[in-house]
Amino acid sequence: MRRGLLVGGAVVVSAVVAGAAVMVTNHESTATDATHAAAVPSVNTAALVGAVPDKSVAKIDPVRLASGVVPPTNRWYSGLVFGDEPQPVFAEPLSFGLTDSGFTLGLPDPTVSEKTIIAPHVPALTIDVGAASAQVTKADPVSVTIALLDGSGKTLGDVVLAEGSPFVSFTASTDVSARTTGGTFQGKPATAHVGDTDWGLVGGTTKSGTTALTKGQSATWYALPAKASSKAKSVLADAAKDPVTGVDVAYAVDGDTARTSLTYQSDGKGAYVLMPHHRTGDQPKRTDCGLGTYPSVYGDLELCAGSTLTSYAPKVTPAGAFDLDGITDDERAAITSAVTADVAATPAFPSDTYFGGKALNRAATLVVLGEQLDVDVADLRTKTEDALREWAQPNGCTERDARCVVYDQSARSAIGLTASFGSDELNDHHFHYGYLLSAAGLLADGDPQLASDLAPVMNLLAQDIAAAKPSKQLPQLRSFDPYAGHSWASGTSPFADGNNQESSSEAVNAWNGLGLWAQASGQDALETEATWLASTESSTARTYWTDPKLPEGFDHRIVSLNWGGKRDYATWFSPDPAAILGIQLIPMGPVQRNVGDGVDPEQIRSSVQEASPDGFGVQFGGYLLEYLALAGADDAATAWTEASKLPDVAIDDGTSRAATLAFIAAARAHPMG
C-alpha cells in the first residue's frame, strides 16, 4: 500500500438550495433507495451497482461485523472491524481499544521528535464486562456502536464512542457487572485520578470498582480537562447521564461558506470538543465553549457544552480550467508550444485504477488547455474520450480484466480492475476515482451525449466514494470524515496508530473531480455536496498538512502523513523532501490554487526551500515551482524562469509541462489575496 492508506445509526444529511435547508434522515443498515428531497443527491444505488458485474475481488475480511451491516472501510474506526486482532482507534479526545472481555480507554499524551508527533493508545482504564467477543452493529460517519457478546453470542450491552465526544458509554442489554480497573472511582459523580488525568463515571451503582447495571441502564466514562473548572465538571457530569447514541451529519453551502453541522444525539444535554480547524478562520459565534482543553497530536481540543458542533470553511468551487486572462504574449506562446509538444508525447494510457485515471486526467487537462489556446487537440480529445468510454462500459469486465469496474457484494464497493496500491483492499478509492471523475467532467462539459455515455459507471464511482446518504449497497461518505474534516485513505486501517491519509491534495482533487462531473452531468445536488467536500478538505489540508501550527521540537515546515494518533514528516514511498511536499500538491490543477489561500507567503517559500535543497530538477520539482508561484508576483516570475528549464524528470506523470507553465502564468497574472 502506497498511501494509508460506514453501518446502522441515524444519519441526517442536509444541504441548502436557494437558501432553504432540507433535511433527510436515514438508517444506514436498513436504508432503501426511495426518492428523497431534492437538496440531497437522490440516487438509485441498486440500479447503479446492478449495471456492472458482481464479482468477488476485494481483499478485506470484516471479522467483527454484524450480519447485514455495510463493511465500514475508510473510517477512523475501521481497525475495530478488520484483521485478526482489533486495533486501537482515536475518537478525539479519547482513544479506545477492544479487549477479550471488554474495552480500554485512554487520553493520548503527545510526544514530539524531529519528524514525528505521536500519542499512542495507552490504556488508563480497563472495563471488563465478561464479554467473549465483539462486533460492530451500527454506526454513522462520526460514531460507532459495538456490541459486546457473551460466549453464546448473546449481547451483554452496546458500547458507543464518537469523534469529538469526551464520553464512552456502555448500555446493558441484560443485568451486567462492569469492573473498571486502573483507577478507584469514588464520590458522586464518581471520579478517579489516573496518572495526570481525572476521570468521571456516571450511571449504575459503583462499589469497590464494579458498576452494577440492570437491563437498559448505562454507564458513561469520560476524561476531564486539566485543572477542570467547576462548570466543566458539572457540564460533563450532566451530559454523561444521557449517552450519545449517534451523530447526525448536515452540510450546506451558503454564499462564500461551506458549513458542517454535527449533532450528537442523546436524551439530554451534551458536550463536544473542537479541533483546530473548527476554530480556524471565520467561524460561527459559539457560546459555552472555553471550558478547558484536552491534548492531541493535532493541537489542543477545546471543550464546549451543547449538542451541535457547527463549523465553516471557505467555499471552494469546482475548477477545471486555468484563468489565462492577463498572461503575457510570451507566456501564452510558451504554453502553446508546450501543449503541442505534450500532446505529441502523450503515451498509451495505463490500465490500472490509479495511474490510468491519473493519465486520463492529464490528457483531459491538456485538451481543455489546448482548446483555450486554439491548439489542435482533436486527436487527443478523441483518444481520451474513447478511453473514458471503455472505462465506463458497464459490462466491460465481462470482456477484459482491466479498464473496467465491478461491484463486490461482500465488500459493498465498486472496484476498478486492474487494482493498484491496494484499491482492492478499499485503499485510496477517492484518489483513484477522483482522477477518473475529473477527466470525465472536463471532457463531458458541454457534451450531453458523452455525459450520458459515461454516466452509469461514473455515477457509480461517485457514489462509491461520496454517497450523501447510505444504502444497502454502499456506505454514506465512504472516504470523508465530517468531524475531522478530511478523508481517510486506508480501507481496513490495520495500524495501531489509527487510519491515515497522505495526499491531502489528491483528496481535494477527488472532490473537485466529483464537482466537475456533477456540473457536466447536470447534477446540481451532487455539485453542492462536492463543493462542501472540496471546501472542507481544502481547509483541513492547509490546517493539518501544508500550513500547520506545529509544536516545538518538530523540525519541519509541513506534515505529510496524518494518522489518528500520529503525524509524520514522511511518505509511504520516498524520504526525499521534494516528495514529502510534492505529494501534498499533486496534481496542481486549477483548484489547487486554494493550497495557498490565506497562507503566509513566507510559509510557502520556506516549505519550497526545505523541499528543494538541490534545486528543482527532481521528482515533483514542477509542483514545487507551482506552489512557489502562489507566494507572490516575484516568486511567480522566479518559478516561470525555473520551470522553463526543468528536465523531464521534474514533470510528474499526473501533469504536463504545459499545465505547469499555465498554473504559474495564471498565478502571476492573478496573485493570491
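Located above this text is the structure these notes cover.
Just so it is clear, the model here is predicted, and its values are computed rather than measured.

Asker: Could you give me a rundown of the packing of aromatic side chains, with the residues and numbers involved?
Answerer: In this structure the tally under the stated criterion is 19 aromatic pairs. Taken together, a centroid distance of 5.3 Å and an interplanar angle of 75 degrees make the contact between Phe 480 and Trp 532 edge-to-face. Taken as a pair, Phe 480 in strand β27 (residues 480–481) and Trp 532 in helix α9 (residues 524–546) lie far apart in primary sequence, 52 residues in all. Each member of the pair Phe 480 and Trp 532 is classed as buried. Here Trp 563 and Trp 572 contribute two aromatic rings whose centre-to-centre distance is 5.8 Å and whose plane-to-plane angle is 50 degrees, an arrangement assigned as tilted. Linked through ring pairs, Tyr 251, Phe 480, Trp 511 and Trp 532 together constitute an aromatic cluster. The side chain of Lys 383 reaches across the aromatic face of Phe 349, ending 4.9 Å from its centre. In this arrangement the basic side chain of Lys 566 is found over the ring face of Trp 563, its NZ or CZ atom lying 4.8 Å from the centre.

Asker: So, the sheet that holds strand β16 (residues 205–207): which residues are in play, and what are the values?
Answerer: On the basis of which strands lie adjacent, the open sheet formed by seven strands has the order β3-β4-β5-β8-β13-β17-β16 and antiparallel pairing. Each having just a single partner strand, β3 (89–90) and β16 make up the two edges of the open sheet. Of the strand pairs in this sheet, strand β5 (residues 102–106) and strand β8 (residues 125–128) are connected by four bridges, and their pairing is antiparallel. Across the sheet, residue Phe 103 finds its bridge partner in β8, namely Ile 127.

Asker: Which residues make up the state of the cysteines, and what values do they have?
Answerer: If you walk through the whole model with that rule in mind, you get two disulfides. The connectivity of the disulfide-linked cysteines in the protein chain, indexed sequentially, is 1-2, 3-4.

Asker: If you had to explain the environment of Leu 646 to someone new, which residues and values would you point to?
Answerer: Among the structural elements, Leu 646 can be located in the loop between α13 (633–643) and α14 (657–669). The exposure class of Leu 646 is buried, given its relative accessible area of 7%. In this structure, the C-alpha to C-alpha distance between Leu 646 and Phe 616, residues 30 residues apart in sequence, is 7.2 Å. Residue contacts for Leu 646: discarding those within four places in its chain leaves Phe 616, Gly 617, Gly 621, Gly 622, Leu 625, Ile 651 and Arg 657.

Asker: Explain the layout of surface pockets to me, and be specific about the residues and the numbers.
Answerer: Of the voids in this model, the largest pocket is the one considered here, and its volume is about 630 Å³. Lining the largest pocket are 27 residues, with Thr 280, Gly 281, Ser 539, Thr 543 and Lys 549 sitting closest to its centre. When residues of the lining of the largest pocket are traced back to their parent elements, those giving at least two are β24 (308–314) and α9. A breakdown of the residues in the lining of the largest pocket according to their chemical character gives eight nonpolar, nine polar and 10 charged. As for the second largest pocket, its lining consists of 23 residues, and the residues nearest its centre are Leu 107, Pro 108, Asp 109, Asp 196 and Thr 197. Only β14 (190–194), β15 (197–202) and β22 (293–294) provide two or more residues apiece to the lining of the second largest pocket. Looking at which element gives the most residues to the lining of the second largest pocket, the answer is β15, with three residues. Each residue belonging to the lining of the second largest pocket can be placed in one class, and the counts come to 13 nonpolar, five polar and five charged.

Asker: Quick one: what's the story with the side chain of Thr 346, residue by residue and with numbers?
Answerer: Within the secondary structure, Thr 346 is located in the loop between α3 (329–344) and α4 (353–372). There is a polar contact of 3.1 Å between the side chain of Thr 346 and the side chain of Arg 362. Discounting chain neighbours no more than four positions away, the residues touching Thr 346 are Arg 362, Leu 366, Leu 380 and Lys 383.

Asker: So, the nonpolar core: which residues are in play, and what are the values?
Answerer: Counting residues in each nonpolar core, the largest one holds 211 residues, and the members touching the most others are Phe 96 and Ile 146. Those residues in contact with Phe 96, other than ones at most four positions away along the chain, are Leu 80, Pro 88, Val 89, Phe 103, Thr 104, Leu 105, His 121, Ile 146, Val 159, Leu 161 and Val 168.

Asker: Give a description of α4 that names residues and reports values.
Answerer: Over its 20 residues, α4 runs 28 Å from end to end, which matches the ideal 28 Å to within 8%, given 1.5 Å per residue. Buried residues dominate α4, accounting for 17 of its 20 residues. At the N-terminal boundary of α4, the capping side chain belongs to Asp 352, with an oxygen 3.1 Å from the backbone nitrogen of Tyr 354. One or two positions beyond α4, positive phi appears at Asp 374, with a value near 60 degrees.

Asker: Hey, could you go over helix α2 (residues 230–240) for me, with residue numbers and the actual values?
Answerer: An α-helix turns once every 3.6 residues. As a result, residues three or four positions apart point the same way. Residues of α2 that are buried include every one of Ala 232, Val 235, Leu 236, Ala 237, Ala 239 and Ala 240, and no others. Contacts made by the buried residues of α2 are with β12 (167–172), β15, β18 (218–223), β21 (271–274), β22 and β23 (301–305).

Asker: An account of the pattern of salt bridges is needed here, citing residue identities and associated values.
Answerer: In total, this model carries 22 salt bridges according to the counting rule given. As a salt-bridge pair, Lys 645 and Glu 642 come within 3.9 Å of each other at their nearest N and O atoms. With a relative accessible area of 58%, Lys 645 lands in the exposed category. Beyond isolated ion pairs, a larger network of salt bridges with shared partners links Glu 371, Arg 381, Glu 385, Arg 389 and Asp 453.

Procedures and definitions
Residues numbered from 1 in each chain as written. Predicted model: local features only at pLDDT ≥ 70, side-chain atom pairs only at ≥ 80, totals over all residues. Heavy atoms only, no water. Phe/Tyr/Trp six-rings, centres within 6.5 Å; stacked < 30°, edge-to-face > 60°. Helix = DSSP H or I, 4+ residues; strand = E, 2+ residues; numbered from the N terminus. Buried < 20%, exposed > 50% of the residue type's maximum accessible area, 1.4 Å probe, protein only. Lys NZ or Arg CZ within 6 Å of the ring centre and 35° of its normal. Pairing = 2+ DSSP bridges. Disulfide = S-S within 2.5 Å. Contact = heavy atoms within 4.5 Å. 1 Å grid on protein atoms, 1.4 Å probe; cavity = no way out; pocket = protein on both sides within 12 Å on 5 of 7 lines; lining within 4 Å. Points joined across faces, edges and corners; volume = space filled by probe spheres on them. Nonpolar A, V, L, I, M, F, W, Y, C, P; charged D, E, K, R; others polar. Polar contact = N/O pair within 3.5 Å; in protein donor to acceptor, adjacent residues only side chain to side chain. Core = buried A, V, L, I, M, F, W, Y, C linked by side-chain atoms within 4.5 Å. Expected span 1.5 Å × (residues − 1). Salt bridge = Lys/Arg side-chain N within 4 Å of Asp/Glu carboxyl O.

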